[in-house]
Amino acid sequence: MFVTRRHLLGMGAAGALGAMGAGMKLSPLSQALAAAADPDPAAQLAALKAFSGQVPHATHYGPLLATVKNGRIVDVRPQASDKRPTPMLTEGVLDRTYDQTRITGPVVRKSYLEWEQNGRKGSNKPELRGKDEWVEVSWDTALGLTAKAILDTIEKHGNEGCFSSSYGGWSHAGIFRPNVLQGRFFNLLGGCSMTTGDYSAGAGQIIMPMVIGDMEVYSAQTAWEVMRDNTELVVFIGCDPDKNNRIEYTVADHEMFAGWDAIKAAGCKFMSINPQVTTTDEKMGSEWVRIIPNTDTALFLAMGYHLLSTKKHNQAFIDKYTVGFDRYRAYLEGKDGDGSPPKTPEWAEKITGIPAAKIRSMAELMASKRTQLCGSWAIQRAHHGEMPYWAIVNFACILGNIGLPGQGVGFSWHYGGGGMPQSGGVAPTGMSQGRNPVKKICPASRINEMLLNPGKAFSYNGSQYTYPTVKLIYNAGNNVFSHQQDLNELARALKNVDTYICQEPWWNGSARWADIVLAATTTIERNDLSTAGTYSIDKVFAMKQVVAPQHNALDDFEIFRRLSELCGIEYAFTEGKTQMDYVRAAYEGSTAAKTTPFDKFWAEGMAPIPVPQQAHRWTRHGEFREDPKKHALHTPSGKIEMYSSTIEKMKIADMPPMPKWQEPGEYLGNARKGQVHVVSPHPYWRLHSQLNNSARLRKRYAIQTREPLTLSVEDARANGIKDGDLVELFNDRGAVVVGARVSDKIMPGVVSLYEGAWPQLDSKGRCNNGQINFLTSSRGASGLTQAATANSCIASIRKCRDADAGGTRAFAPPKIRKSDIKFDAQFFGADRAVSLREKATASLSPAEKIFYQRCTMCHGPRDPGQFTEKQWLGITPSMFQRAGLNDNERKVVLEFLLKNAKQ
């Protein structure tokens, strides 16, 4: 079942030669095809492997120009459009392409394979996941076993028994995101259970539409020129744009860095409310205000109380633009009958660790300056994580500066080039996932609970659901065994699953704990395209194939095409098109095609999308400020809801109808003596777990081969730890071994360990590479959002004196036994897919085609029935902008969503 020339190459030899005659610059693959006289695929690949030259490509880390010699990349350099290139691009991309962690071909876990050979009698020994031997098999066998497992599960447990943990699309910057391709495949077979929400901002994306009528966390920010010309004070609340804007959901071109430089040069001052100093603080010269983690809510309540008690609040703004102020004021003043005291600065001092006098001076400074509040996603990844966001918004209402130029609130300054002016253009879009008939969902951070408690009732966004009974997990382009909290609990929960399939280029945690591993290529090994800027969308980049697929890997499109062929849905999956057909069509549908023909774009590697001049003067919430009736918010009242009657009616025990101080389940206020609060920010030299296998990047930060733990001078002294020592960090959930980085830029009682390390358990069951999620809790933020709470984590610390010799082995590939095992085609029973196909391939309406193709690629709900009309009205403006919908498309999609919204 070798891939055909058409699907391998995307362009016939005649087409390649014709393009050359027209002066079109070909991809290496097309050049190799044109040069190969022999049409045999092996000869074509041989020609490709002999290619030398330079090829443009683009990644989450930036656009690149790869130098290839004899089919191998020897150098990676940034393209001219990347204003601040990083070693993640120039070193990391090259390292990971050829690293020993590459999965060289499809493999099956030994005990699982024996279980299948034995007719699924006995046990597949799930307790051996992560420890078992691996058996190399052919693609025919691996895909046959994959199709059989899927169909067996559907036959016995229904489609809901199959669960997709592939939700984010962060593994690829282009249109062929594995989660989209996977969704398309499963939906052609009748759908599957899936995640909802995300780990990044699961609390914020639910609470903010109810409070301020927009998701906010994935929304464009005020243009940086407006900030430069108006803002006097920027307050970073856990926000670190310098670090986090080094990567991008699409392609990072790092243009906003110069914007921050200009804001600083204009005389703006910066304040950082954070338990540690960030690289942003160092570059901006921020005043550091140390705060106990998870107590931001108390701080903003107290600052609001102080401005009210001194009559320095903006009552006119409150009266005109908000509802619920009287209820909120009564709570601040201790008069709402719940028995809590007034939220004075003295009250907050005991909780936050910030002196009362400082709290007063901060509030008065923010009231006296043109102030922009920049909230991070990190502060809502906590127990009761909805509360700090709401408290910040309510404090901004008391200041009365929302919607003024360079002022107000923003929760996406650290993401997607927040602050870059928006083109308003249409980005390239790929294949539609289609309608998922299965309505069973699981909030992204609740996978452990779902697997351990099938059928259990839970609440989400004001509705009641029950968890599906999951017997198969399919994970493509998503490292669930990195970002799920409490990984020891996840490992136990996986024992309830019959089959865990992972489609992945590298031996990361998700692959090592799987049953079937399908070796996928990286984007470097296929053609694709993407844009620059989640919000700006001002460039389209060609992602040309640079080298041949490594080893025996296949690209994600080809893997799902072959699975579709097995199941009789190939044409429905491909629609008779090749990958290059989709690339061309995606480009032709973008705004860039209006000024730059495809051939020119593909030859040069980049095409611009113009940004209108008025975008450089845009202010977030500015239209609402100008005319709150004409531009009413999409909240029940049309105004900012300082108190929510909607939430009050939900009667969720741990979700009050206004921002209140609620003690987290874990924080320094209830920790035992000597324990520390562990925060786990995004890494500086990675994208989550991506690039952890880059040896050159690890040399920049690793300590004794392991992840670095930043701890204070005081905590190091108290525990007999010196800089460079190995440290054991542990709690009731697990333990990790890390290297000590002693610093005066983190407050006592707090330690910081970047998320995203690859797991490797040592002889004592500890993670020998410092994967933080062996320590974090799988507790949900609240019954409203069920969001991740990774930053509510308490642990103990001690010097490690019994580490395994030799350092981490997280990057040593597992032993694989070769096998020539074959199954008769009838064994897989792929013909069972016929009835599923007939049910699932009913036509979609025009609105559904647009929604499922362009609005469900990444964050946010994928089912219209998950959100109310008001929530959809609040979310869609920023969602439509990111998806690049024109006015007519917005109209038809919005009508579809409102018609099918939750009642």
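In this text the structure is predicted, and so the values were computed from the model without any measurement. (Residues numbered from 1 in each chain as written. Predicted model: local features only at pLDDT ≥ 70, side-chain atom pairs only at ≥ 80, totals over all residues. Heavy atoms only, no water.)

## Quick notes on the confidence of the model for the chain
Okay, so step 1: Mean pLDDT over the chain stands at 92; residues scoring 70 or higher make up 93%.
Okay, so step 2: Taken together, the stretch residues 1-25 has pLDDT below 50 and engages in 53 contacts with residues farther than four places along the chain or on a different chain. (pLDDT = per-residue confidence, 0-100. Contact = heavy atoms within 4.5 Å.)

## A short note on unusual backbone geometry
Okay, so step 1: Its identity as a non-glycine residue notwithstanding, His384 has a phi of 60 degrees, on the positive side.
Okay, so step 2: Assignment of secondary structure puts His384 in the loop between strand S12 (371-375) and helix H19 (386-399).
Okay, so step 3: By relative accessible area, His384 is classed as buried at 8%.
Okay, so step 4: Its identity is not glycine, yet Gln704 carries a phi of approximately 50 degrees, on the positive side.
Okay, so step 5: Tracing the sequence through the fold places Gln704 in the loop between helix H30 (695-701) and strand S25 (708-712).
Okay, so step 6: When its relative accessible area of 44% is taken as the criterion, Gln704 is described as partly exposed. (Helix = DSSP H or I, 4+ residues; strand = E, 2+ residues; numbered from the N terminus. Buried < 20%, exposed > 50% of the residue type's maximum accessible area, 1.4 Å probe, protein only.)

## With respect to the nonpolar core
Okay, so step 1: Counting 233 residues, the largest nonpolar core has Met366, Tyr474 and Leu729 as the members making the most contacts within it.
Okay, so step 2: The next biggest cluster of nonpolar side chains, apart from the first, holds 14 residues, and it includes Val234, Cys239, Cys268 and Met284. (Core = buried A, V, L, I, M, F, W, Y, C linked by side-chain atoms within 4.5 Å.)

## Comments concerning the pattern of salt bridges
A side chain with one charge can pair with a side chain of the opposite charge if their charged atoms come near.
Okay, so step 1: If you walk through the whole model with that rule in mind, you get 56 salt bridges.
Okay, so step 2: Notably, a salt bridge pairs Lys148 with Glu116, separated by 2.9 Å at the nearest N-O pair. With Lys148 in helix H7 (residues 139-157) and Glu116 in helix H6 (residues 110-117), this residue pair connects regions lying 32 residues apart in the sequence. (Salt bridge = Lys/Arg side-chain N within 4 Å of Asp/Glu carboxyl O.)

## Overview of the packing of helix H9 (residues 204-212) against H19
Okay, so step 1: H19 packs onto H9 with a crossing angle of 30 degrees between their chain directions and a minimal axis gap of 9 Å. As far as their axial angle goes, H19 and H9 are roughly parallel. Between H9 and H19 lies a crossing of right-handed hand. The residues of H19 that touch H9, namely those facing Gly204, Ile207, Met208, Val211 and Ile212, are Glu386, Tyr389, Trp390 and Val393. (Axes fitted to C-alpha atoms, helices over the stretch in contact; angles between N-to-C directions. Parallel < 35°, antiparallel > 145°, perpendicular 65-115°, else oblique. Left-handed = near helix turned anticlockwise from the far one by under 90°.)

## Overview of the pairing of strand S9 (residues 269-273)
Okay, so step 1: A large share of S9 lies buried, amounting to four of its five residues.
Okay, so step 2: Bridging between strand S8 (residues 233-237) and S9 involves five bridges; their strand directions are parallel. The residue bridging Leu233 from the neighbouring strand is Lys269, located in S9.
Okay, so step 3: Direction of pairing for S9 relative to strand S10 (residues 287-289): parallel, over a ladder of three bridges. Its bridge partner being in S10, Met271 is matched across the sheet by Glu287. (Pairing = 2+ DSSP bridges.)

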